[in-house]
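Summary of structural features
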Amino acid sequence: MKFNKNLYYSLTFFIGIPCFFLFVEILFLIASTGGDYPLAEALVCINLSMLAMLLLYLVLGFKFIFQYVIIDERGISVCFFKKTLQRFRWTDIASIQKSSFANIKSYEIVLQNENFIYLERRKAIKKAIETYYDREIL
């Protein structure tokens, strides 16, 4: 089964930043008086900074945003487009426990060599892990 690795994290970023700037714009509109709209330059700067932040996140986080995970009988593979970045067999996994990463509910997959990866805690991912992983998720 194939899943976007950082779906919720990216969605919170792409929804959170525009909502914050929309809130600030509404405050500026409420603060402006009359019909002459004295804060137009500030609103343009806010919109440009929002666009710049989103584009910067896309450029710097491109590899992070577009990673996906394949969970199958062989193990867990982290891929970027068609290239496999990491592959873990089920025997390489010491434990899987509930955790959080960047305030998003996640599964922390601890490997035998004490490294770890995070997968978002979604029903489909849980079902895929439970299908192939023979131990309990802590």
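This text goes with the structure placed above it.
What counts, and at which threshold
Residues numbered from 1 in each chain as written. Predicted model: local features only at pLDDT ≥ 70, side-chain atom pairs only at ≥ 80, totals over all residues. Heavy atoms only, no water. Phe/Tyr/Trp six-rings, centres within 6.5 Å; stacked < 30°, edge-to-face > 60°. Helix = DSSP H or I, 4+ residues; strand = E, 2+ residues; numbered from the N terminus. Buried < 20%, exposed > 50% of the residue type's maximum accessible area, 1.4 Å probe, protein only. Lys NZ or Arg CZ within 6 Å of the ring centre and 35° of its normal. Contact = heavy atoms within 4.5 Å. Patch = residues over 30% accessible without salt bridge, like charges linked within 9 Å, V, L, I, M, F, W, Y side chains within 5 Å. Areas by Shrake-Rupley, 256 points an atom, 1.4 Å probe, with all protein chains shown as cover. Salt bridge = Lys/Arg side-chain N within 4 Å of Asp/Glu carboxyl O.

**So, the packing of aromatic side chains**
Summed over all chains, the structure comprises 12 aromatic pairs. Taking 6.4 Å as the distance between ring centres and 25° as the angle between the ring planes, the aromatic pair formed by tryptophan 90 and tyrosine 132 counts as stacked. Here tyrosine 132 lies in helix H4 (residues 123-132) and tryptophan 90 lies in the loop between strand E4 (83-89) and strand E5 (93-101), a separation of 42 residues in the sequence. For the ring pair tryptophan 90 and tyrosine 133, a centre distance of 5.8 Å and an interplane angle of 45° mean the geometry is tilted. One end of the pair, tryptophan 90, is in the loop between E4 and E5; the other, tyrosine 133, is in the segment after H4, and 43 residues separate them in sequence. The exposure class assigned to tryptophan 90 is buried, which follows from its relative accessible area of 11%. Tyrosine 133 sits in the buried class, given a relative accessible area of 5%. Among the aromatic side chains, those forming a connected cluster through ring pairs are Phe62, Phe66, Phe80 and Phe81. Sitting over the ring of tyrosine 8, arginine 122 keeps its end group 5.3 Å from the ring centre.

**Observations concerning the side chain of serine 95**
When you line up the elements, serine 95 lands in strand E5. Sequence-distant contacts of serine 95, defined by excluding residues within four places in its chain, comprise Glu108, Ile109, Val110, Tyr133 and Leu138.

**Some points on a nonpolar patch on the surface**
A cluster of nonpolar side chains, contributed by Val44, Leu48, Leu51, Leu55, Leu56, Leu58, Val59, Leu60, Phe62, Phe66 and Phe81, occupies part of the molecular surface with about 1,100 Å² of accessible area. The element contributing the most residues to the nonpolar patch is helix H2 (residues 40-60), with 8 residues. Tracing the chain through its elements places phenylalanine 62 in helix H3 (residues 62-65). Among the residues examined, phenylalanine 62 registers a relative accessible area of 36% and is labelled partly exposed.

These results come straight from atomic positions and should not be treated as a statement about function.
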